[in-house]
Amino acid sequence: FSAVVFVGYAGQFGWKYGIAATWAGIGNALLGSLLAWAVLGRRTRVMTQHLDSATMPQFFEQRFQSKSLKLAASAVIFIFLIPYTASLYNGLSRLFGMAFDIDYSICVIAMAILTGIYVIAGGYMATAINDFIQGIIMLVGIVAVIAAVLHSHGGLMEAIAKLSEGSATTPAGTELKGAFTSFFGPQPLQLLGVVILTSLGTWGLPQMVGKFYAIKDESAIKKGTVISTFFGLVVAGGCYFLGGFGRLYADSISLNAAGNPTSFDAIIPAMLGKVESDLGGGGAWLIGLVLILVLAASMSTLSSLAMTSASTITLDLIAPLSKKQKSEKANMVIMRLLLAASIIIAAALAILVVTNKELASKLYISDLMGISWGALAGCFLAPFLYGLYWKRATVPAVWCSFLFSTVVMLLTTVAKPLFPPLLQ
């Protein structure tokens, strides 16, 4: 959970589905965390120990006895984690730009340098301890932000009443005024799709699954299940619930002719900016808390993404292809260089997307995230799950999953009009 959820997903889905978007956060906690721990946690740890694999590509190599699968998985991970990282830079920079009125590009570059120092200098345990501290900040921060937003509208019931009255943002010719405060929102089937995709997609993400490799013992599984599910309910549920009130701030957001934001990524920053002015002198602490909250969330995710990407390329691609066996020190140098490269490429992509008006109008934070999730989860979820539980899973089946997911994801990105609206 990072700037992608807090800024991108919360703003976009909150606008589309109202407070019913909270179901996405609940689904993330129950399906994406609780069920993932129950189905994948222990089995992943047992299988990876048995196969002596430290990364997802190594799992595919050992499980299916195929070096080509390992190389393909490594390439997919390195390439498609870059849009994910770029979406994080995008979300962070929008908030910092709102708070300090700093140019977007400068924010991205500063975040890239900070991320580079953070992940290159630190190791796995350092990152884990930082994640723990950052998680506590996130729990406290999201509760405080929601309380401040609701307080600025006279409390929960008053805010819901205002949202139910509708506004200029209610689509013309519809009776959706109260739908944005309803139990399932104006489009329940689409909302169900969002819940399933954002929750089950994590099952196939290498940086998520990789954390199961470090499970210490059986008691750690029980603790991890309870703690991560509670964390997901508070943070993800809180983010989407907060985004559900985005329509109350329509006056502070640039809208198009259809009454929708010209950029969904601007909704949460606009909300916070308005709340800051409404709270007067007390608004500064809120913005400071939000920046710490999102920075903590995003830095933990950025470190995980960068380390997953660089370690995968070093251990699974470069080391096996090298004719000469490299020392651990040499591998660490290569890994650090790849960390720097992935961070720089992602930062450049983030700047390109926002500074290019045509791209900015087409690619939101959630779109960048969707490219990454679509390819990675599409490639790895089924092969990994069947690889854990089903002996009859085959190499051709895994190749079909890899090729189909990457080809379709790339086509929906570069040739969007060719697909039906629902698949766009």
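Residues numbered from 1 in each chain as written. Predicted model: local features only at pLDDT ≥ 70, side-chain atom pairs only at ≥ 80, totals over all residues. Heavy atoms only, no water.

Visitor: Tell me what's going on with the overall build of the protein chain, and back it up with residues and numbers.
Guide: Per the secondary structure count, the protein chain includes 16 helices and 0 strands. In the protein chain, which comprises 424 residues, the share counted as buried stands at 51%. Long-range pairs, those at least 24 residues apart, make up 81% of the contacts in the protein chain between residues at least 6 apart in sequence. A total accessible area of about 19,100 Å² is found for the protein chain, and carbon and sulfur atoms account for 69% of it. (Helix = DSSP H or I, 4+ residues; strand = E, 2+ residues; numbered from the N terminus. Buried < 20%, exposed > 50% of the residue type's maximum accessible area, 1.4 Å probe, protein only. Contact = heavy atoms within 4.5 Å. Areas by Shrake-Rupley, 256 points an atom, 1.4 Å probe, with all protein chains shown as cover.)

Visitor: So what's going on with the pattern of salt bridges? Residues and values would help.
Guide: Taken as a whole and judged by the stated rule, the model has 2 salt bridges. As a salt-bridge pair, Glu218 and Arg42 come within 2.6 Å of each other at their nearest N and O atoms. Of this pair, Glu218 sits in helix 10 (residues 218-243) while Arg42 sits in helix 2 (residues 22-51), and the two are 176 residues apart along the sequence. Put simply, Lys70 and Glu61 hold a salt bridge, and the shortest N to O gap is 3.3 Å. Grouping residues by exposure puts Lys70 and Glu61 together as buried. (Salt bridge = Lys/Arg side-chain N within 4 Å of Asp/Glu carboxyl O.)

Visitor: Could you give an account of the confidence of the model for the protein chain, naming the residues involved and the relevant values?
Guide: As a general rule, the predicted coordinates of low-pLDDT regions are not to be interpreted in detail. Mean pLDDT over the protein chain: 79, with 82% of residues reaching 70 or higher. Taken element by element, the predicted model of the protein chain shows its lowest mean pLDDT in helix 14 (residues 357-362) (60) and its highest in helix 2 (91). (pLDDT = per-residue confidence, 0-100.)

Visitor: Can you lay out the nonpolar core for me, pointing to particular residues and giving the numbers?
Guide: Soluble globular proteins tend to pack their nonpolar side chains together in the buried interior. Ranked by internal contacts, the top residues of the largest apolar core, which has 105 residues, are Phe6, Phe60, Tyr89, Phe380, Phe384 and Phe402. In terms of residue count, helix 4 (residues 67-100) provides more of this core than any other element does, 14 residues in total. Excluding anything up to four places from it in sequence, Phe60 contacts Gln65, Ser66, Leu69, Ala73, Phe380, Pro383, Phe384 and Phe402. Phe78, Ile334, Leu338 and Leu339 belong to the second-largest nonpolar core, a separate cluster that totals 7 residues. (Core = buried A, V, L, I, M, F, W, Y, C linked by side-chain atoms within 4.5 Å.)

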